[in-house]
Amino acid sequence: MHTSRFWVRSFAIFFASVSTWVWGAGTPPISDVDLQFFENEVRPILVEHCQECHSSLKGKVKGGLDMDNRESLLKGGEKGPVFKAGDPSGSSMIKAVEWLDDLQMPPKTKLSALQITTLKEWITRGAPDPRDGTAVSRLTKADHWAFQAVTRPAPPAVKNNAWCKNSIDKFILAKLEEKEMLPAEPPDTGTDEQRRTKKEALLRRAYFDLIGVPPKPEQIKEFVNNVSPNAFEQVVDTLLESPAYGERWARHWLDTARYSDTTGLVAANLRGKEYRYPYAYSYRDWVISAINADMPYDQFILNQLAADKIPQNPKKNLAALGFLTVGQRFKNDDDVLNDRIDVVGRGFLGLTLGCARCHDHKFDPIKQADYYALKGIFKSTSEPKDGPVIAGDPNSKEFQDFSRKLEALEKKAYSAFYQMQRESSEELRKKAAAYFEASYLSFKPADAETSKRAQSISSAQKLKDYLIVDVIHRRIDPRDPILGPFIQLVTTKENRDQALQENLFGKTGAARFNPIVLEFLRSAGPLPNQVDTVGALFEKMMREKVTPAAGTPANSVADPVKDLEHGGIYKIIANPKTIAGSPQQPLMELAVFPFPLVVGSEVSLSKMNGFQGKFGQRYSNELVKRSGMYQINEMKLTSGSGPVRAMVLEDLPTPIESPIYPRGNMPEKGSRPATVPRRFIEVLSEGHTPTPFKDGSGRYELAQAIASKTNPLTARVMVNRVWMYHFGEGLVRTPDDLGNQAGKPSHPELLDYLTSWFTEDYGETKPAWSLKALHKAIMLSSTYQQSSSSLLIQRQQQIDAGNTLLWHTNVRRLDFESFRDSLLSMAGILDPVMFGPPVNLVSEPYSFRRSIYGYIDRLDVPDLMTQFDMAAPLEPNTRRSTTIVPQQALFLMNSPFAIAIAKNVVRRSEVIKAVTNQKDARSGVIAVFQIVLQRTPSKPEFDLAMKFLQSTARKQAEEAAAIAPIAAAGQKEAEAQLKKDQNIANDDGKKAIVNHGDLVARVSLTPWEALVQALMFSNEASYLN
Amino acid sequence: MTPSDRNPCTFGADSSPLLHPGSISAASRRDFLIRNGIGFGGLSLASLFGLNPFDLQGGSAPVGMLSPKAGHFPAKTKAVIQIFAAGAPSTVDTWDPKPELTKNDGKKIPGYEGLALGSPFKFEKKGKSGVEVSEIFAELGNHVDEMAIIRSLYAEIPDHNIASKVLMTGSPQLNKPCLGSWSVYGLGTVNQNLPGFISLGGPAAVRQAAFLPGIYQGCNVNYDPQAPLKQILPNITSQFSTADRQREQIDLAKELNSMHAAQLQKDAQLEARIQAFEIAFKMQQEAMDAFDISKEPQSIRDMYQKGGGKGKAGAKLLVARRLIERGVRFVQVTVPNWDTHFDIANTIREAAETIDGPAAALLTDLKQRGLLDSTLVIWGGEFGRTPTAAASTNGPGRDHNGRAMCAWMAGGGVRGGITYGATDEFGGRAVENKMHVHDLHATILALMGLDHTRLTYNYNGRDFRLTDNFGTVVKDLIA
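Basis of the calculations
- Numbering of residues starts from 1 in each chain and follows the order in which that chain's sequence is written.
- Here the convention is simple: chains get letters from A, ligands get numbers from 1, in the order in which they are written.
- The predicted origin of the model limits local features to residues at a pLDDT of at least 70 and limits the giving and counting of side-chain atom pairs to 80 or more, whereas totals for whole chains, interfaces and linings rest on all residues.
- Only hydrogens and water are set aside when side-chain values are computed; all heavy atoms of the structure are taken into account.
- The helix count covers DSSP runs of H or I at least four residues long, the strand count covers runs of E at least two residues long, and both are numbered beginning at the N terminus.
- Under this definition, polar contacts are N or O atom pairs within 3.5 Å; protein pairs additionally need one hydrogen-donor-capable and one acceptor-capable atom, and for neighbouring residues in sequence, both atoms have to be side-chain atoms.
- Throughout, a residue-residue contact means that at least one pair of heavy atoms, one from each residue, lies within 4.5 Å.
- Working definition: a ring pair exists when centres of Phe, Tyr or Trp rings (six-membered ring for Trp) sit within 6.5 Å. Plane angles under 30 degrees give stacked, over 60 give edge-to-face, the rest tilted.
- Between buried and exposed lies partly exposed: a residue is buried under 20% and exposed over 50% of the maximum accessible area for its type, with that area taken using a 1.4 Å probe on protein chains only.
- Remark: a charge is flagged as sitting over a ring if the NZ atom of Lys or the CZ atom of Arg is within 6 Å of the ring centre and within 35 degrees of the ring normal.
- At least two DSSP bridges between two strands are required for those strands to pair.
- Here an angle of 0 to 180 degrees is reported between the N-to-C directions of two axes, which are lines fitted to C-alpha atoms, with helices fitted over the stretch in contact.
- Reported orientations rely on four angle classes, namely roughly parallel under 35 degrees, roughly antiparallel over 145, roughly perpendicular from 65 to 115, and oblique for the rest.
- Note: crossing handedness is left-handed where the near helix turns anticlockwise from the far helix by less than a right angle, and right-handed where it turns clockwise.
- Helix span is expected to be 1.5 Å times the residue number reduced by one.
- By nonpolar core we mean a set of buried residues, namely Ala, Val, Leu, Ile, Met, Phe, Trp, Tyr and Cys, connected to one another through side-chain atoms within 4.5 Å.
- Polarity classes work like this: nonpolar for Ala, Val, Leu, Ile, Met, Phe, Trp, Tyr, Cys and Pro, charged for Asp, Glu, Lys and Arg, and polar for all others, with Gly in that last group.
- Each residue carries a pLDDT score, the predictor's confidence in it, ranging from 0 to 100.

Trainee: Help me out: how do you make sense of the side chain of His452(B) in this one?
Mentor: Residue and element names in this part refer to chain B. Tracing the chain through its elements places His 452 in the loop between α11 (437–447) and β16 (457–459). Within the local environment of His 452, its side chain forms a polar contact with the backbone oxygen of Gly 471, the two atoms lying 3.4 Å apart. Dropping the residues within four chain positions of it, His 452 is found in contact with Ala 442, Leu 445, Arg 465, Thr 467, Phe 470, Gly 471, Thr 472 and Val 473.

What follows is the structure, given as structure tokens:
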């Protein structure tokens, strides 16, 4: 550390705290408002339009004017000061930017009126300028606590040692004692009844926290009756070993990893093309497995950034790379790379690296060069067309069925692709003269007459406008291998014979044009020079040189499907290796005209997707319709029996460095912006001097730099997140941003203590980076086991209403997944099948799988999920909102899903007895409470429930009669809708997945079912306490 | 300075964590309140913390996330109906007559590629203001005195998807909340039994709340006058229970809730959730009513169908009026078919036919109900089209053009009977009073009583605005 600079920094902070920024001795203070004005409005103008030429830092001080800092700007240039503070009209700077006199600045483009007004306003204000020429801001930024090494503070001394179960408690209690506050009651105190209630609440909390589903009645009973001091520890151990633990905590990580089954490509907003990731789920499944296996968190990171680079890494770990690839896609690759930089920054480091895309980070010590160093890493990678197969037994019947079906779908799609090309080519050949003429005349017509002529030809010959505009126009080019010579025949006027001789039949012509075309023209006799006569010649060539039989086995062109099977023309061109440079190439090129040969070659789904960009929408829409191309991914997404592929990245053979984009904009063509080597960010590198990466793209080196004990952010970020999921709030409340905007942790020493403990290796008992060990440490603390009741301590409510000091347990709403899963679990219908392709969570027929297996459409998250605050999968969003909206209530009241739950709860053996036998009503009510709310009802609650049963039973006949016609109509509609959804032929790629299964029968509820549903409405069913 | 005064990308002033080490900043408290908020009015989680989550007027009555709130200054309009003319409408055929272009039809014109294509439609002076209106808007033409026609808008990137995103969210690529979401975030909504922001169809991206809490997302209603009402809003009615039965269930749950609460601390979230059921119960009836246009007199239904029989626009705009009338803050209606690459004489006429009668009916209807003064109606697409002919042998068309686009606004504090800004003599480039979408957004928010520089949301350590760092309110458009 440089002590002198450190002093400057403290100085700035000191003065900052009196709400005025002071930038160094001798600089007048600048008010908040002015500072904001300068930073927002003025500085961008100076940087973008002035300092290119007036900056000593950039080495250019034209006219002696240096605009880098306040002092030099005040001094002015060779002609003296450029402005008078407070007097814009008397300032030469304003005259220059208004272009009033000879001196016009900036010289090339005048500033906008708004920018000029801004500069005037700034001068009117007295030109407030915070820039004192020293690098104050950057150093201040790096001084933030989160950039300092993690320490191992000793747990503080406390008075009430007996309360403390482990060190966590000491850190918490010390702060409470400081304020003379008391923690809430532990679970093992009070009367029997109170103990039972608290233990039931604790058990429920533990179940939801670790596995996301509630305990079963027998598990509650067992725990309540277990008086062993280790009873809770046993529960925690059991839950951590449950596969459901991975399903719960993987979902948390997927929020951070902005997981989605679709690309969210901007162009797919309107869903014109395939937008689904058929194998995103391989990443989701990897996360579940890794968490269940308690993969050390450092390994977890290494795999997600560089699984392919880790020595002897099992193949299945390649799926981890989905972390980088399941993000949002954009038309612009720079935006895709930005998504990857962003998820690495916020996901692993708690840093908003994306802010440094256009400028040095405004709050954190991240330089723009840091951003582009990382960009170079991801720029040096590519994605293979098909990821490696990581699971699936090729010998199984299912696998083979899948392959057969896939092949059939692909064949159908690709055949349609060829078929449409062939039809277009044939159409063109039939009317080649007219197409030539109409296309030529309508392409940038010189006058209205020409344009009209094109139109009349087109309508007389019934030409297809889209073929002309979307396809042929793209080849109206004198250098085109097929059309070029004919275009030259029309356009070459001067010195015609010689020019044609040189341009067509000379050396360049031979290299450029199709030899069949040239040969035809050589022997065509006198060459015409009018559009119509040239068109006729073109048609003659097409007729003579391209016949269906030419170059293909007999009959093959007649049927493109057969054609593919028998190796006809389209089969041949489908393989560029066969055709490139072969004697058949010229003929093939002619046969597929007006499509370029490359389009015909090696067809694939992604190529068909790309078609729209190449050939306009009308052609593409028709292709989608005829090819059924969406069914390919639909099948991969839904079948589950075929191969599972990993969404990997690979390093380019030759890694590249990224140029630094000025202000985030792509450098102009011809400019030579500075590049930056691939490396880690400065502030987190040793001595702030990073070493350039050498191993390929550098992903493995990057991963190692992140997954390091000495990285001050990585482990802190994760420990804070785990804490957040257990307590409702993190020690730092912004889990994806630990930078300067985050503020200090509520318990900084505790965060460091836990972090250093987390990364430490204690052998068998506690491996390094073990998340399971961290859960256990947290959950075995008294802090975690406190009651949520805060009724008794009104005073503390006043001191710390937000419960920052954790003097009781927070009441928390269940998130979408655990809410839905808990309903399924209480109904006894939760489908325990793990892994595999996604299912539809929101529409009938319902899936009863866990919510983590739900299909997530990035740009169209179903309303149900949004209403329950599901994380938006657009960016890393580790922290969810918990809003309350009436739509949540409507879901519980009216959705067939909620009804299915109520009906199935009543079908459970504990309840069904009571339904059939009035004498068992009592045990039935208790069972219903235990199933839905995971606790025994109190006497008043019991009475209420009984009263409800009696009252609804009395009105049951009336109720059933009233609902019958509504239910019947509903049933009919639902069946019609399902029929429509299940017809795969309707798939235009726009709809979500359709599950298999039954509709929920539309019939009125029994009194017992109504009781269960009412309990589902209660707050307790949706909240943890 | 209040937290909401802070602008993005600056050193925060009073809420900078540097200044309050160890404490939770005002911004993060506000963030907490919003994240853990209540999606309707009338309850006070905020009061627990002694803080208004929006703090727009320095601590007026505490509010829920959707309860109506005062803006930064007095509002000119209470509600907005945004008609999105998807596909990028031509300007010179609709609201920007160009006689020079017609004169040069079929000729090269300076500064443009291709040949000039004069509009096939005649323009006529209408109303007291004498604003010229294309013949394709025969009905709307009768309302020019209420409309402000903007001729100088421009779009940066004339790509449908990107420009639509800009039009809705102000940003070409980042995932930002859209205008409707910002409006409801800033002002809440009057009717707590209906969503505050309703989108009647259109792609998901035009109603996204992005980083704002999900309750600010446009509620998507694929409204179809032919479809049964209950399919319009998911779960809006029960096919299993009568209202009486549900009443009893809710009453039981309420009693259980109060017993439960007695054992814990008072928690505003829990109280709010009880209320959510009451609202949901009422919503079932109210939402069904709102979307049921069969309750309108035949004469009104006929009026909205005039000339627009082909599309659903009439029914959608009628529903929009019913929603606004019931206190919905923002309704968005997408009316497509403006991507007229060929045969404009027919394609543009057809696109106009689907909206001319219905939009005119909407203005008439709002006016006769005294709602026009408090309802802002906006019409516009994502960019404009070239004054020159697109390559086509299927009747002349127009290509994409981002340099000039049109929009109109009416009602809700808009100065009627004016045109604003101008394009060059051929209509392909905005030249006078050029107006960016940010300026349009700033102006719309201003009409709603919101200062676009102060309507901010803190996300990932940065305060975001609809207008980013830009936007100027165009005062000429405001009455």
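Trainee: Help me understand the packing of aromatic side chains, please; the structure alone is not making it clear to me.
Mentor: Note on aromatic pairs: each is described by the distance of the centres and the angle between the planes. Counting across every chain of the model gives 45 aromatic pairs over all chains. Ring geometry for Trp95(B) versus Phe137(B): centroids 4.6 Å apart, planes at 10°, classification stacked. Residue Trp95(B) is located in the loop between β1 (79–84) and α3 (99–103), and its partner Phe137(B) is located in the loop between β3 (131–134) and β4 (147–154); the two are separated by 42 residues in the primary sequence. Of the two residues, Trp95(B) and Phe137(B), neither departs from the other in class, the shared state being buried. An aromatic cluster is built from Trp253(A), Trp286(A), Tyr297(A), Phe300(A), Phe323(A), Phe348(A), Phe758(A) and Trp769(A), whose rings are joined through pairwise contacts. Positioned above the aromatic ring of Tyr784(A) is the side chain of Arg205(A), whose terminal nitrogen or guanidinium carbon lies 5.7 Å from the ring centre. Against the face of Phe942(A) rests Arg922(A), its NZ or CZ located 5.0 Å from the ring centre.

Trainee: Got a minute to help me understand the pairing of strand β8 (residues 375–380) of chain B in this structure?
Mentor: Every other side chain in a regular strand lies on the same face of the sheet, so the side chains alternate between the two faces. Residues and elements named next belong to chain B. A large share of β8 lies buried, amounting to six of its six residues. Every second residue of β8 is oriented toward a common face, with Thr 375, Val 377 and Trp 379 on one face and Leu 376, Ile 378 and Gly 380 on the other, all of them buried. As judged from the six bridges shared by β1 and β8, these two strands associate in the parallel manner. Each residue of the ladder has a partner; that of Gln 82, found in β8, is Ile 378. For β8 and strand β11 (residues 405–411), the ladder comprises five bridges, and the chain directions are antiparallel. In the sheet register, Ile 378 faces β11, and the bridge partner there is Met 409.

Trainee: Where do I start with the environment of Phe897(A) in this structure?
Mentor: Residue and element names in this part refer to chain A. Within the fold, Phe 897 resides in helix α42 (residues 896–907). Each C-alpha atom of the pair Phe 897 and Ser 951 lies 25 Å from the other, and the pair is 54 residues apart in sequence. Aside from chain neighbours lying at most four places away, what touches Phe 897 is Arg 820, Leu 823, Leu 824, Tyr 846, Phe 848 and Phe 891.

Trainee: I would appreciate a short explanation of the packing of helix α35 (residues 748–759) of chain A against helix α36 (residues 771–779) of chain A in the present structure.
Mentor: All names here are of chain A. Closest axis-to-axis distance for the α35/α36 pair is 10 Å, and the angle between their directions is 140°. On the basis of their axis angle, the class for α35 and α36 is oblique. As for the relative orientation of α35 and α36, their crossing is right-handed in sense. Along its contact with α35, which presents Leu 754, Trp 757 and Phe 758, the element α36 presents Leu 771, Ala 773, Leu 774 and Ala 777.

Trainee: Would you explain helix α8 (residues 192–211) of chain A in this entry?
Mentor: Residues that lie three or four places apart on an α-helix share one face, since the helix turns once every 3.6 residues. Residue and element names in this part refer to chain A. For α8, built from 20 residues, the straight-helix expectation of 28 Å at 1.5 Å per residue is met to within 8% by its first-to-last C-alpha distance of 28 Å. Burial runs high along α8: 14 of the 20 residues are buried. Directly beyond the C-terminal end of α8, a positive phi value near 75° is found at Gly 212.

Trainee: Hey, could you run me through the environment of His361(A) in this one?
Mentor: Residues and elements named next belong to chain A. As for its position among the elements, His 361 is in the loop between α15 (333–349) and α16 (368–379). His 361 gets classed as buried once you look at its relative accessible area, which sits at 3%. In contact with His 361, not counting residues within four places along its chain, are Lys 141, Thr 352, Cys 355, Ala 356 and Ile 366.

Trainee: Looking at this structure, I do not really get the pairing of β1(B). What am I missing?
Mentor: Residue and element names in this part refer to chain B. Along β1, six of the six residues are buried, which leaves the element largely enclosed by surrounding structure. The two faces of β1 match: Ala 79, Ile 81 and Ile 83 on one face and Val 80, Gln 82 and Phe 84 on the other face are all buried. By the bridge criterion, five bridges tie β1 to strand β7 (residues 330–334) in an arrangement that is parallel. When the bridges of β7 are listed, Ile 81 appears paired with Val 331.

Trainee: Sorry if this is basic, but what is going on with the nonpolar core here?
Mentor: Side chains of nonpolar character tend, in soluble globular proteins, to be buried together. If you look at the biggest cluster of nonpolar residues, it comprises 318 residues, and the most contacted ones within it are Phe538(A), Phe291(B) and Trp408(B). Per-element accounting of this core gives the leading share, 11 residues, to helix α10 (residues 344–368) of chain B. Beyond its immediate chain neighbours, meaning those up to four positions away, Phe291(B) contacts Ile198(B), Leu200(B), Val221(B), Tyr223(B), Leu229(B), Ile232(B), Leu233(B), Val319(B) and Leu323(B). Formed by 56 residues, the second largest nonpolar core is a distinct cluster that contains Val80(B), Val166(B), Val184(B) and Met409(B).

Trainee: Can you help me understand the packing of helix α10 (residues 231–241) of chain A against α36(A) in this one?
Mentor: When two helices pack together, their arrangement is given by the angle between the helix axes and by the axis-to-axis distance. All names here are of chain A. At a minimum axis separation of 11 Å, α10 and α36 run at an interaxial angle of 155°. It follows that α10 is roughly antiparallel to α36 by the angle criterion. At the point where α10 passes α36, the crossing takes the right-handed sense. In this structure, α10 contributes Phe 232, Glu 233, Val 236, Asp 237, Leu 240 and Glu 241 to the contact, and α36 contributes Lys 772, His 775, Lys 776 and Met 779. The class makeup of the residues in the contact of α10 with α36 is four nonpolar, one polar and five charged.

Trainee: Please clarify how the confidence of the model for chain A should be interpreted in this entry.
Mentor: Close inspection of predicted coordinates is inappropriate for parts of the model with low pLDDT. All names here are of chain A. A residue-level look at chain A finds 88% of positions with pLDDT of 70 or above and a mean pLDDT of 85. Considering only residues more than four positions removed or in separate chains, one finds that residues 134–139, a stretch of pLDDT under 50, has eight contacts. Here residues 267–271 is a poorly scored stretch, pLDDT under 50, and it has 16 contacts once near neighbours within four places are set aside; other chains count.

Trainee: Hey, could you run me through the confidence of the model for chain B in this one?
Mentor: Residue and element names in this part refer to chain B. Taken over all residues, the pLDDT of chain B has a mean of 83, while the share at 70 or more is 84%. A low-confidence stretch, residues 1–29 stays under pLDDT 50, and its non-local contacts, those more than four residues away or across chains, total 77 contacts. Note on residues 42–63: pLDDT is under 50 here. Beyond four places in sequence and across chains, it has 57 contacts. Per the prediction output, this complex has pTM 0.80; the corresponding ipTM is 0.76.

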